[in-house]
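Overview (structure and organization)
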Amino acid sequence: RAAANLAQPMLAPLWAAGLSFSKCHAERLVPNDPSLKQIFTGEEFARGARLWTHGYDFYSMMRPVIGTWYGGDKGSYGHGSWRHNHTEMQASQARLGTLFEAPGSDQSPAARAALGSFALGTRRTLEQYVAFSGVDPRIRGAAGSGGNCVVR
């Protein structure tokens, strides 16, 4: 859903790296996971889920003041700025599967322990975040028909 020209910020269901403004304790207590190499789709939801389960909320801006252009005419897109490493990507996807307890993922004590300080928080559950956000990473899509976001 879109929000613009609000009288005050609105509670939002998803976190976005490009609009991440917070007090420094959020960065200290729930740092970005450096083991998620080669991940573009899934990194923001994982960080958002970790922040939310640690008790942080997200808010929209009152007015749109920033944008991101992903078009190829910036000059670097597709010209070597992103070097793909399939092995790193597979390891990161496996780590996300462990984090979200995805079907078929490694849920061994060793895999869970390897998440370390990059695991989900204990203030709220993943199930609560799925209900709030409308996105279920375990099924890689929208959580039911009443969700706030559709993932394809």
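Here we summarise the structure given alongside this text.

Rules used in this analysis
Residues numbered from 1 in each chain as written. Predicted model: local features only at pLDDT ≥ 70, side-chain atom pairs only at ≥ 80, totals over all residues. Heavy atoms only, no water. Helix = DSSP H or I, 4+ residues; strand = E, 2+ residues; numbered from the N terminus. Polar contact = N/O pair within 3.5 Å; in protein donor to acceptor, adjacent residues only side chain to side chain. Contact = heavy atoms within 4.5 Å. Core = buried A, V, L, I, M, F, W, Y, C linked by side-chain atoms within 4.5 Å. Buried < 20%, exposed > 50% of the residue type's maximum accessible area, 1.4 Å probe, protein only.

**Structural notes on the side chain of aspartate 136**
The topology assignment puts aspartate 136 in strand β3 (residues 135-136). A distance of 2.8 Å separates polar atoms of two side chains, one belonging to aspartate 136 and the other to arginine 138.

**Quick look at the environment of arginine 50**
Mapped onto the elements, arginine 50 comes out in helix α2 (residues 43-53). C-alpha of arginine 50 to C-alpha of valine 30: the two residues are 20 residues apart in sequence and 7.0 Å apart in space. Ignoring sequence-local partners within four residues, the contact set of arginine 50 consists of Val30, Pro31, Asn32, Asp33, Leu99, Ser117, Phe118, Ala119, Leu120 and Gly121.

**Here's the deal with the nonpolar core**
Counting 22 residues, the largest nonpolar core has Leu51, Phe58, Leu96 and Phe100 as its most contacted members. Only α2, α3 (86-100) and α5 (126-133) provide two or more residues apiece to this core. Among the elements that take part in this core, α2 stands out by supplying five residues, more than any other.

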